[in-house]
Amino acid sequence: MVHHIPRPLRFIAVGCAAAAVHWLVVVALVEHAGLPPLAANVLGWLVAFTVSFAGHHHLTFRGHGVPVHDSARRFFLLSAFGFALNEATYALALHLSRIGYQLLLGAVLVFVAGITWILSRLWVFRDSPAQP
């Protein structure tokens with residue numbers, strides 16, 4: 001059934017789920033545990049990574065044919081790169097803007113998602129001719 005949904009929509013759905021988890025973890029840690037936003041962001045990324053990889057491996061790029069250990073390694077490298085970009089952009093935005101940390105984080109997550117889509121398709125989960 002999932003293979004009938006276009007891959008970009010699957011990517012968006014998985015990405016939204018992972019971004020929601022990331023955002024919720026950050027907000028919970030800032031509001032309830034008193035962590036600073038940048039520190040909470042690290043923990044949010046780690047939790048969201050598992051949601052993101054599982055979703056992309058099993059749904060978005062289903063049938064990719066790349067062994068799980070290879071795709072997990074590649075995805076972790078891509079995710080770590082994306083997180084470094086996320087953290088740097090987030091730190092800069094927090095420093096330069098008066099907008100709330102929650103909204104800034106949402107904008108940064110959307111920005112990094114676009115880069116993740118491109119690199120996931122081209123490298124992490126290489127397309128095979130049989131993929132939908």
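Structure shown above.
Residues numbered from 1 in each chain as written. Predicted model: local features only at pLDDT ≥ 70, side-chain atom pairs only at ≥ 80, totals over all residues. Heavy atoms only, no water.

To describe a pair of aromatic rings, one takes the distance between the centres and the angle between the planes. Taken as a whole and judged by the stated rule, the model has 9 aromatic pairs. When the ring of Trp45 is compared with that of Phe49, the centres are 6.4 Å apart and the planes differ by 55 degrees; the resulting orientation is tilted. Of this pair, Trp45 and Phe49 both sit in helix H2 (residues 37-60), separated by 4 residues, roughly a single helical turn. In this pair, the class of Trp45 matches that of Phe49, namely buried. (Phe/Tyr/Trp six-rings, centres within 6.5 Å; stacked < 30°, edge-to-face > 60°. Helix = DSSP H or I, 4+ residues; strand = E, 2+ residues; numbered from the N terminus. Buried < 20%, exposed > 50% of the residue type's maximum accessible area, 1.4 Å probe, protein only.)

Another aspect to go through is the layout of surface pockets. Roughly 510 Å³ of volume is contained in the largest pocket. Taken together, the elements giving at least two residues each to the lining of the largest pocket come down to helix H1 (7-33), H2, helix H3 (68-96) and helix H4 (101-124). Looking at which element gives the most residues to the lining of the largest pocket, the answer is H1, with 8 residues. Among the residues forming the lining of the largest pocket, the class breakdown is 16 nonpolar, 10 polar and no charged. (1 Å grid on protein atoms, 1.4 Å probe; cavity = no way out; pocket = protein on both sides within 12 Å on 5 of 7 lines; lining within 4 Å. Points joined across faces, edges and corners; volume = space filled by probe spheres on them. Nonpolar A, V, L, I, M, F, W, Y, C, P; charged D, E, K, R; others polar.)

With that settled, the discussion passes to the environment of Phe75. Structurally, the position occupied by Phe75 is in helix H3. Separated by 25 residues in the primary sequence, Phe75 and Gly100 place their C-alpha atoms 30 Å from one another. The contacts of Phe75, once residues within four sequence positions are left out, are Phe49, Ser52, Phe53, His56, Ser120, Val124 and Phe125. (Contact = heavy atoms within 4.5 Å.)

Another point: the environment of Pro67. With respect to the helices, strands and loops of the structure, Pro67 is situated in the loop between H2 and H3. Between the alpha carbons of Pro67 and Val51 there is a distance of 18 Å; along the sequence they are 16 residues apart.

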